[in-house]
Amino acid sequence: MPPCQRRQEVKMETFHDREQGKVSFERMDDVLVVRLSGPWCVRSDMPPASLLAQELNALPAPKSVSFDSTQLTNWDSGLISFLVQSSGFCRARGIGQNREGLADGLRHLVELAEAVPEKKGARSEAARPSFFARVGNASIGYGLSIRDFLEFLGELTVAFARFVRGKARYRKIDLMEAIQQCGASAVGIVTLIAFLVGVILAFMGAVQLSQFGASIYVADLVGIGMVREMGAMMTAIIMSGRTGAAFAAKLGTMKVTQEIDALTTMGISPLEFLVLPRVLALVLMMPLLCLFADLVGILGGMFVGVGMLDLSAGSYMRETISTLTLVNLFGGLIKATFYGALIATAGCLRGFQCGNSSSAVGDAATQAVVMSIVMVVVACGLFAVMFNVLHI
């Protein structure tokens, strides 16, 4: 067949659907006829528009391109994309097009797609910012977060001052409900975790101290470890995941439903009405939970000492009482109180910073837990340095 009558046919098939769209090219003098047949759908494989580019590059180059769609069975936006790309190839080479062979609806859709030019740079990926730009943006973000935290803390301090003067506007029933949720409702999980922490500390000490015949000092290790550090720390982590996240989720939901905006509209301070009872409840309950966790942890250590080290319960408790001091006890309680204030503040802050969508509520709860735990760990380190300086 001479070049002017050369015909090429391409058929794309898949294992799932044997009937696919086909495109064929036919040279008629200086006109390249593009024949489209079969189904052209996005969900099935279609011939690429690059096949037309290969035909346009073949010599001799055609002066115009026409289309024939009489054998099309069905089509969707995949065919529109093919025709728009084909039009781009033709314009780039200065080759004219004749679309009379296309169905009226198909031709109008292609013209509509070409009538609105693509925005310049719409498909280009944003350039990755430099290292210094990323560091600067991160620094600005941390600075703004610190500013928001200090601003929230200042407003909360004003609300506490109004509470001390008896002018804060909140419902006592809300305070009692928050105390119930932060106190009695958390006893179960605190008991479990504190007991297991006591058991772990006792096992760690027993493995080493039993080699030197000093098994009785397991009581010292568990008692000091629980009262000074682990009781307050583990209780704070439990309350961060349990109560801090609950505060953030509840306040975030209230923001999404515009209940916080309604309080502001009525002239009621949301910090006094919503935040103050929660902070007070957690600050009051954390020392009690910490004290309870200390006792349960010591009992967990005694369980290991009696069951594994053949110590008597009386000797274990006498050794524990002799090694503990009021400084150790009150030091742990002060830490727990401070941790409670941090957890409540972080949870309420993230709840107030929640976005206006349902997914933002979950994000606020996650951020509250992360922020609470980080603040608790940092505060624990600062307390350790301060107690060491004061020789406590």
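About the criteria used
- Residues numbered from 1 in each chain as written.
- Predicted model: local features only at pLDDT ≥ 70, side-chain atom pairs only at ≥ 80, totals over all residues.
- Heavy atoms only, no water.
- Helix = DSSP H or I, 4+ residues; strand = E, 2+ residues; numbered from the N terminus.
- Rg over C-alpha atoms; globule rule 2.2 N^0.38 Å.
- Buried < 20%, exposed > 50% of the residue type's maximum accessible area, 1.4 Å probe, protein only.
- Contact = heavy atoms within 4.5 Å.
- Patch = residues over 30% accessible without salt bridge, like charges linked within 9 Å, V, L, I, M, F, W, Y side chains within 5 Å.
- Areas by Shrake-Rupley, 256 points an atom, 1.4 Å probe, with all protein chains shown as cover.
- Salt bridge = Lys/Arg side-chain N within 4 Å of Asp/Glu carboxyl O.
- Domains from an automatic or database assignment.
- pLDDT = per-residue confidence, 0-100.
- Core = buried A, V, L, I, M, F, W, Y, C linked by side-chain atoms within 4.5 Å.
- Pairing = 2+ DSSP bridges.
- Phe/Tyr/Trp six-rings, centres within 6.5 Å; stacked < 30°, edge-to-face > 60°.
- Lys NZ or Arg CZ within 6 Å of the ring centre and 35° of its normal.
- Axes fitted to C-alpha atoms, helices over the stretch in contact; angles between N-to-C directions.
- Left-handed = near helix turned anticlockwise from the far one by under 90°.
- Polar contact = N/O pair within 3.5 Å; in protein donor to acceptor, adjacent residues only side chain to side chain.
- Parallel < 35°, antiparallel > 145°, perpendicular 65-115°, else oblique.
- Nonpolar A, V, L, I, M, F, W, Y, C, P; charged D, E, K, R; others polar.
- Expected span 1.5 Å × (residues − 1).

Trainee: Pulling in residues and values, what's your account of the overall build of the protein?
Mentor: Looking only at helices and strands, one finds twelve helices and five strands in the protein. On C-alpha atoms alone, the protein measures out to a radius of gyration of 37 Å, which is more than a quarter above the 21 Å that the 2.2 N^0.38 rule sets for 392 residues. Residues classed as buried in the protein amount to 42% of the 392 residues present. Look at the contacts in the protein between residues 6 or more apart in sequence, and 77% of them connect residues 24 or more apart.

Trainee: How would you summarise a nonpolar patch on the surface if you had to cite specific residues and measurements?
Mentor: A surface patch of nonpolar side chains, about 840 Å² in accessible area, is lined by Ile189, Leu192, Phe195, Leu196, Ile200, Met204, Leu295, Leu299 and Phe303. Broken down by secondary-structure element, the contributors of at least two residues to the nonpolar patch are α6 (187–209) and α9 (270–308). Tallying contributions element by element places α6 first for the nonpolar patch, with six residues.

Trainee: If you had to explain the domain arrangement of the protein to someone new, which residues and values would you point to?
Mentor: Interface size, as often reported, equals the accessible area lost upon joining of the parts. As far as domains go, the protein holds domain 1 (11–115) and domain 2 (151–389). Computed from C-alpha coordinates alone, the two centres of domain 1 and domain 2 are separated by 69 Å.

Trainee: I'd like a description of the confidence of the model for the protein, backed by residues and values.
Mentor: Put simply, the protein has an average pLDDT of 85, and 92% of its residues get 70 or more. Contacts for the low-pLDDT stretch residues 1–18, under 50 throughout, to residues beyond four places or in other chains number 39 contacts.

Trainee: Tell me about the nonpolar core, and please be specific about residues and values.
Mentor: The biggest cluster of nonpolar side chains holds 54 residues, and the ones touching the most others in it are Met239, Val275, Leu282 and Tyr339. When residues of this core are traced back to their parent elements, those giving at least two are α4 (131–164), α5 (172–182), α6, α7 (218–256), α8 (259–265), α9, α11 (326–352) and α12 (358–389). The element that contributes the greatest number of residues to this core is α9, accounting for 15 residues. For Leu282, the residues in contact, after removing those within four places along its chain, are Cys182, Met239, Thr243, Phe247, Gly340, Ile343 and Ala344. Counting residues in hydrophobic clusters, the runner-up holds 22 residues, among them Phe25, Leu51, Ile80 and Ile95.

Trainee: Could you give me a rundown of the pairing of strand β2 (residues 22–28), with the residues and numbers involved?
Mentor: Of all seven residues making up β2, five are buried, and the element is well covered by its neighbours. Pairing between β2 and strand β3 (residues 31–40): seven bridges, direction antiparallel. Among the inter-strand pairings, Ser24 is bridged to a residue of β3, identified as Arg35. The antiparallel pairing of β2 with β3 creates a hairpin that spans two residues between the two strands, and Asp29 there sits at a positive phi of about 60°.

Trainee: Please set out the side chain of Ser37 residue by residue, giving values where relevant.
Mentor: Its place among the elements puts Ser37 in strand β3. By relative accessible area, Ser37 is classed as buried at 10%. In contact with Ser37, other than residues within four places in its own chain, are Gly21, Lys22, Gln71 and Leu72.

Trainee: Which residues make up the packing of aromatic side chains, and what are the values?
Mentor: Applying the stated criterion across every chain, the model contains eight aromatic pairs. On the basis of an interplanar angle of 55° and a centroid distance of 5.9 Å, the ring pair of Phe383 and Phe387 is categorised as tilted. Placement of both Phe383 and Phe387 in helix α12 is noted, with a separation of four residues, approximately one turn of the helix. When the ring centre of Tyr170 is taken as origin, the NZ or CZ atom of Lys172, which lies over that ring, is 6.0 Å away.

Trainee: Before we move on, can you summarise the packing of α9 against α11 with the specific residues and values?
Mentor: Two numbers describe how α9 lies on α11: the axes approach to 8 Å, and their chain directions differ by 150°. Where α9 crosses over α11, the two elements pack in a sense that is right-handed. On α11, the residues that touch Pro270, Leu271, Val275, Arg278, Val279, Leu282, Val283, Met286, Pro287, Cys290, Leu291 and Asp294 of α9 are Leu329, Gly332, Leu333, Ala336, Thr337, Tyr339, Gly340, Ala341, Ile343, Ala344, Cys348 and Phe352.

Trainee: So, the side chain of Asp68: which residues are in play, and what are the values?
Mentor: With respect to the element layout, Asp68 can be found in strand β4 (residues 64–75). A distance of 3.0 Å separates polar atoms of two side chains, one belonging to Asp68 and the other to Thr70. Discounting chain neighbours no more than four positions away, the residues touching Asp68 are Val33, Val34, Arg35, Leu36 and Gly101.

Trainee: Talk me through unusual backbone geometry; I want residue IDs and the actual numbers.
Mentor: You will see that Gln258, though not glycine, has its phi angle at about 65°, which is positive. Residue position: Gln258 is located in the loop between α7 and α8. Look at Gln258 and you get exposed, because its relative accessible area is 52%. With phi around 60°, Asp310 is a residue other than glycine that occupies positive phi space. Take Asp310: it is sitting in the loop between α9 and α10 (313–323).

Trainee: If you had to explain the packing of α7 against α11 to someone new, which residues and values would you point to?
Mentor: Contact geometry for α7 and α11: axes closest at 8 Å, N-to-C directions at 20°. Between α7 and α11, the crossing angle belongs to the class labelled roughly parallel. The way α7 lies across α11 gives a crossing that is right-handed. Grouping the amino acids of the contact of α7 with α11 by side-chain chemistry returns 15 nonpolar, seven polar and five charged.

Trainee: Report on helix α2 (residues 77–93), specifying residues and quantitative values.
Mentor: The end-to-end C-alpha distance of α2 is 25 Å, a good match for the 24 Å that 17 residues give at a rise of 1.5 Å each. Among the residues of α2, those classed as buried are Gly78, Leu79, Ile80, Phe82, Leu83, Ser86, Ser87 and Cys90. Each element contacted by the buried residues of α2 is listed here: β2, β3, α1 (50–57), β4, β5 (96–98) and α3 (104–115). Downstream of α2 by one or two residues, Gly94 has phi in the positive range, about 70°.

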